[in-house]
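In case you want the letters, here they are:
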2 protein chains.
Amino acid sequence: MSGIRKRSSGATLRDVASDAGVSFSAVSKALRNAYGVSDSMRLRVQASAERLGYRPHAAARGLRGKTFTLGVLVSDLHNSFFSEIFGGVSDTASMAGYQAMLGVGQVQPVVENAVIDAMIDRQMDGLLLVAPSMSPADLEIVAEEVPTVVIGVHLPHATSFDTVNNDDETGARLVVRHLQEQSISDIAFFTLAGLPEARGTTLEFRERGYRDEMQLLGLQQHIQVVGASMDSGEIRSAALRLLSGKRRPRAVFCWTDYAAFEVIGVAKELGLSLPEDLVVVGYDNTPYCALPQHSLTSIDQFGQLLGQQATRLLLERVAGRTSPEHFVVKPTLVTRDSTVIIKPSVSSNL
Amino acid sequence: MSGIRKRSSGATLRDVASDAGVSFSAVSKALRNAYGVSDSMRLRVQASAERLGYRPHAAARGLRGKTFTLGVLVSDLHNSFFSEIFGGVSDTASMAGYQAMLGVGQVQPVVENAVIDAMIDRQMDGLLLVAPSMSPADLEIVAEEVPTVVIGVHLPHATSFDTVNNDDETGARLVVRHLQEQSISDIAFFTLAGLPEARGTTLEFRERGYRDEMQLLGLQQHIQVVGASMDSGEIRSAALRLLSGKRRPRAVFCWTDYAAFEVIGVAKELGLSLPEDLVVVGYDNTPYCALPQHSLTSIDQFGQLLGQQATRLLLERVAGRTSPEHFVVKPTLVTRDSTVIIKPSVSSNL
DNA sequence: CACGTTATATACAACGTTTTCCAAACAAGC
DNA sequence: GCTTGTTTGGAAAACGTTGTATATAACGTG
């Protein structure tokens, strides 16, 4: 019930050693289940350690061995998709005796670098970079220094780090196909603009999937791509231009849910009714999608799974693997009212 | 432009020393601007350090002195209010040469304790606990061990740590008064249920403010409090009970924005129109409130400012202050369409 | 019984800092 | 020129681990 550990013990290896009547290096080995320790001693040592509330001093450890800490860099806390990823990371890490610590890069390469430096300085055993905005070259530099796994950047030929992604191209295709099945062909893609440079990013792949599938279905004349930064105001004005222009599309497929919500907002302000006049689709399937006032069709990319797999790979790298692995999960379309034209009879499914 | 630091230098104090032609302890002092170093030497050392790309080894530092790391514990990443706080923390910390690292407590005291332990083990110089769900007694235990500042728990008499809060009571009063000015008197309060225990929490204060102000305005017969956990399903069923029951209120004041969004959703499903049939108010003024489909009136508690002040206090504690300080910021009501009955003429204010 | 061969436990040298204590150098006061 | 004091730089002892090298004991084998 209490839960909280009796602290301020400050017991060190030496204290445990003198309590158990053995040498302090014996304690070190006994507690790490190292080779060359008799069962009787291990038991005695463990008992003493337990009683004294011994906890290894991470800084001291960091000086010689591992710190059992993983650094996770996310670009933006506001995107609740990242929270989902972190959930998977945190669980998997703690089950392996590691602790995950989060840093925030604010989508600015400068800040990202500072955070990464800080993590390396603190001797973190491995780094998990979620949707970093730095260049592949810089990623290589980081990966050279410390075991690294990257989520959200498609670099299947990277050798010095692993990548974990959802198949963004397929995700985008699913959307286009779904809309076409609803007899909607005039589909625009709303992307994120103003990023440093072409980066092998998820955005590229989503856009490519969109373009390719449009082409495949013979809808190439309807291809239309607009973009805005992450700023709410910019998203709104881009959406306004798109929806009040003369080429207003029948559907808008947004690179992330939040952008979709803004688009829906602008549409409402323009007096458009959804889904009759306009259909909107998002990406990430964040919790807000399920709210009836949005009921937003979206692509689920299984953030938790992504986090788990990435952590698994990272721990493998920390353990010594050097050959690269690239994990891709198939995304799923979650259809909701925002794109289902013919509504089902009654039902207010709570 | 490049930005990324030349890594893998691995330069240590000794390397810098031999490069500059001085002893390594001289380097240590020179770089920390310690007493007893001539200007000429300081300059020479700084030049060498710069050239070799020297970075202090945090683990080694942790063994003797500070780690220049602050641990931030948040209960739940999904609440984007916390992101806002962290923004303020991060900025203030890095300006003082500190790095903030985030841990997530999942609203479970067990996990919270594990994360706190991990932070203490890693010799973090101070802890910033955001809306922790642990007991005041446990907070004291933690604070005894390491400089601590708590955000989001009202304990104005705590001596071993500082607190930073918005004035939840006033916030709630603002809401009630605002609604009454709109001639709405039948106001219910929607709170968070199923927490460990009474904790001196923000919830308590919001509820108290609500009750007191209702009383003051002579609306005591309309006082009605319902609650649900953080789970979306539970919120929805509680909202359904409230809104379809015979005592359906005219307004629902929710302890946090997300709950308000769920309530709005349920209301829509029930065919209620807002704001004519029902009025909803939230707390935190998260970015989603501004979306036209919500246009949710909410209380802004200035998360960024909260984070900045908390960090300032924490750094003071790290520097040695032991007398407690308790900072309170006045919240502000941000009115939006969800509660403004008579709509302004035209305007689609983008 | 000398002689490897295993087991087991200890000693001790790192690891990269911070900090205390000392020595050297130099100036000032008599 | 001798104390006294005040800078300035260096030597060395922590800090709490890990990991390697070494000592000791126990145990067959030839």
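Every value quoted in this text rests on a predicted model; they were computed, and no experiment measured them. (Residues numbered from 1 in each chain as written. Chains lettered and ligands numbered in written order. Predicted model: local features only at pLDDT ≥ 70, side-chain atom pairs only at ≥ 80, totals over all residues. Heavy atoms only, no water.)

**Digging into the overall build of chain A**
So, step 1. Helix and strand content of chain A: twelve helices and twelve strands.
So, step 2. In terms of principal-axis extent, the alpha carbons of chain A reach across some 85 × 50 × 30 Å.
So, step 3. Scored against the burial criterion, the 350 residues of chain A give a buried share of 55%.
So, step 4. In chain A, 68% of the contacts between residues at least 6 apart in sequence involve partners at least 24 apart.
So, step 5. In chain A, 33 positive and 38 negative side-chain charges are present, and the distance between their average locations comes to 7 Å. (Helix = DSSP H or I, 4+ residues; strand = E, 2+ residues; numbered from the N terminus. Buried < 20%, exposed > 50% of the residue type's maximum accessible area, 1.4 Å probe, protein only. Contact = heavy atoms within 4.5 Å. Lys, Arg positive; Asp, Glu negative; His and termini not counted. Charge placed at Lys NZ, Arg CZ, Asp CG, Glu CD.)

**What to know about the relation of the copies chain B and chain A**
So, step 1. Aligned on chain A, chain B shows an RMSD of 0.1 Å; the corresponding rotation is 180° and the shift along the axis is 0.0 Å. The transformation relating the two chain copies, once decomposed into turn and shift, fits a two-fold axis. (Least-squares fit on C-alpha atoms with pLDDT ≥ 70 in both.)

**Details of the protein's contact with DNA strand C**
So, step 1. In the vicinity of DNA strand C there are 29 residues, among which Ser38 of chain A together with Leu13, Ser28, Arg32 and Arg64 of chain B approach most closely.
So, step 2. Here the atoms of DNA strand C within 4 Å of the protein split so that 60% fall in sugar or phosphate, with bases taking the remainder.
So, step 3. For DNA strand C, a base nitrogen lies 3.1 Å from a polar atom in the side chain of Ser25 of chain A.
So, step 4. Measuring from a phosphate oxygen of DNA strand C, one finds a backbone N or O atom of Ser38 of chain A at 2.9 Å.
So, step 5. For the surface near DNA strand C, the class distribution of residues is 13 nonpolar, eight polar and eight charged. (Near = heavy atom within 4 Å. Polar contact = N/O pair within 3.5 Å; in protein donor to acceptor, adjacent residues only side chain to side chain. Nonpolar A, V, L, I, M, F, W, Y, C, P; charged D, E, K, R; others polar.)

**Thoughts on the confidence of the model for chain A**
So, step 1. Mean pLDDT over chain A stands at 90; residues scoring 70 or higher make up 94%.
So, step 2. Scored below 50 in pLDDT, residues 343-350 of chain A makes five contacts in the model with residues more than four places away or belonging to other chains. (pLDDT = per-residue confidence, 0-100.)

**Observations regarding helix H1 (residues 13-20) of chain B**
Residues and elements named next belong to chain B.
So, step 1. Every buried residue of H1 is listed here: Leu13, Val16, Ala17 and Ala20. Summarising the axial view, the buried residues of H1 lie within an arc of 100°, below the 170-degree limit, and thus occupy one face. Those residues of H1 that are exposed and angled more than 90 degrees off the buried face are Arg14 and Ser18.
So, step 2. Of the surrounding secondary structure, the elements contacted by the buried residues of H1 are helix H2 (24-31) and helix H3 (39-52).
So, step 3. Where H1 begins, the side chain of Thr12 points an oxygen toward the backbone nitrogen of Arg14, at a separation of 3.0 Å. (Arc of directions from axis to C-beta.)

**What to know about unusual backbone geometry**
All names here are of chain A.
So, step 1. Along the chain, Leu274 connects to Pro275 via a cis peptide bond; the corresponding omega equals 0°.
So, step 2. With respect to the helices, strands and loops of the structure, Pro275 is situated in the loop between helix H11 (257-269) and strand E9 (279-281).
So, step 3. Backbone geometry at Gln123 places phi at a positive 60°, although glycine is not the residue there.
So, step 4. Relative to the helices and strands, Gln123 resides in the loop between helix H6 (109-121) and strand E3 (126-130).
So, step 5. Accessibility expressed as a relative area gives 25% for Gln123, which makes it partly exposed.
So, step 6. A positive phi is found at Ser183, a non-glycine position, where the angle reads about 65°.
So, step 7. Residue placement: Ser183 occurs in the loop between helix H8 (168-181) and strand E6 (187-192).
So, step 8. Accessibility expressed as a relative area gives 68% for Ser183, which makes it exposed.

**Looking at the interface of chain B and chain A**
So, step 1. Each partner contributes to the interface: chain B provides 63 residues, whereas chain A provides 63 residues.
So, step 2. In this assembly, chain B packs against chain A so that about 5,700 Å² is buried in total across both faces, 60% of it on carbon and sulfur atoms.
So, step 3. There are two salt bridges connecting chain B and chain A.
So, step 4. Among the salt bridges present, the one from Asp121 of chain B reaches Arg55 of chain A, with a minimum N-O distance of 2.4 Å.
So, step 5. Counting the contacts that link chain B with chain A gives 19 residue pairs in polar contact (both at pLDDT 80 or more).
So, step 6. Mapped onto the side of chain B that touches chain A, the elements with two or more residues apiece are helix H4 (58-64), helix H5 (80-95), strand E2 (99-104), helix H6 (109-121), helix H7 (136-145), helix H10 (232-244) and helix H11 (257-269) of chain B.
So, step 7. Split into classes, the residues belonging to the side of chain B that touches chain A amount to 31 nonpolar, 18 polar and 14 charged. (Buried area = accessible area lost by both parts, 1.4 Å probe. Salt bridge = Lys/Arg side-chain N within 4 Å of Asp/Glu carboxyl O.)

**A word on the packing of H2 of chain B against H3 of chain B**
Residues and elements named next belong to chain B.
So, step 1. Viewed as axis vectors pointing N to C, H2 and H3 meet at an angle of 95°, and their least axial separation amounts to 9 Å. Put simply, H2 runs roughly perpendicular to H3. Side by side, H2 and H3 meet where Ala26, Val27, Ala30 and Leu31 of the first sit next to Met41, Arg42, Val45, Gln46 and Ala49 of the second.
So, step 2. Looking at side-chain class alone, the contact of H2 with H3 contains seven nonpolar, one polar and one charged residues. (Axes fitted to C-alpha atoms, helices over the stretch in contact; angles between N-to-C directions. Parallel < 35°, antiparallel > 145°, perpendicular 65-115°, else oblique.)

**What about the sheet that holds strand E9 (residues 279-281) of chain B?**
Strand pairing in a sheet takes place through backbone hydrogen bonds and is either antiparallel or parallel in direction.
All names here are of chain B.
So, step 1. Spatially, E7-E6-E8-E9 is the arrangement adopted by the four strands of the open sheet, whose pairing is parallel. Of all the strands in the sheet, the pair left with one neighbour each is strand E7 (225-228) and E9. In this sheet, neighbouring strand axes are inclined to one another by 25° on average, regardless of whether the strands run parallel or antiparallel.
So, step 2. In this sheet, strand E8 (residues 251-254) lies alongside strand E6 (residues 187-192) in parallel orientation, the contact comprising four bridges. (Pairing = 2+ DSSP bridges.)

**Concerning the nonpolar core**
So, step 1. Ile187, Phe190 and Leu243 of chain A together with Ile187, Phe190, Leu243 and Val263 of chain B are the most contacted members of the largest nonpolar core, which totals 91 residues.
So, step 2. In contact with Leu243 of chain A, other than residues within four places in its own chain, are Arg248, Val252, Val263, Val266, Ala267, Leu270, Leu272 and Leu278 of chain A. (Core = buried A, V, L, I, M, F, W, Y, C linked by side-chain atoms within 4.5 Å.)

**Observations regarding the protein's contact with DNA strand D**
So, step 1. Lining the immediate surroundings of DNA strand D are 29 residues, of which Leu13, Ser28, Arg32 and Arg64 of chain A together with Lys29 of chain B lie closest.
So, step 2. In the interface set of DNA strand D, defined as its atoms within 4 Å of the protein, sugar plus phosphate atoms amount to 59%.
So, step 3. Within the side chain of Arg32 of chain A, one N or O atom sits 2.8 Å away from a phosphate oxygen of DNA strand D.
So, step 4. Ser25 of chain B has a polar side-chain atom sitting 3.2 Å from a base nitrogen of DNA strand D.
So, step 5. For the surface near DNA strand D, the secondary structure elements donating two or more residues are helix H1 (13-20), helix H2 (24-31) and helix H4 (58-64) of chain A together with H2 and H4 of chain B.

**Quick word on the sheet that holds strand E8 (residues 251-254) of chain A**
Residues and elements named next belong to chain A.
So, step 1. Strand order in the open sheet made by the four strands is E7-E6-E8-E9, with parallel pairing throughout. In the strand order of this sheet, the two ends are held by strand E7 (224-228) and E9, each with one partner. With strand direction ignored, the average angle separating the axes of adjacent strands in the sheet is 25°.
So, step 2. Against the sheet, helix H9 (residues 202-216) makes contact with E6 and E7, and its axis sits at roughly 170° relative to E6, the strand it touches most.

**Let's talk about the layout of surface pockets**
The gaps of empty space that remain are located by a probe, the size of a water molecule, rolled over the atoms.
So, step 1. The computed volume of the largest pocket comes to approximately 1,300 Å³.
So, step 2. Lining the largest pocket we find 40 residues, and of these Arg55, Pro56, Arg61 and Phe68 of chain A together with Asp121 of chain B sit closest to its centre.
So, step 3. Of all the secondary structure elements, the ones that give two or more residues to the lining of the largest pocket are H2, helix H3 (39-52), H4, helix H5 (80-95) and strand E2 (99-104) of chain A together with E2 and H6 of chain B.
So, step 4. At six residues, H6 of chain B tops the list of elements feeding residues into the lining of the largest pocket.
So, step 5. Among the residues making up the lining of the largest pocket, the classes are represented as 18 nonpolar, eleven polar and eleven charged. (1 Å grid on protein atoms, 1.4 Å probe; cavity = no way out; pocket = protein on both sides within 12 Å on 5 of 7 lines; lining within 4 Å. Points joined across faces, edges and corners; volume = space filled by probe spheres on them.)

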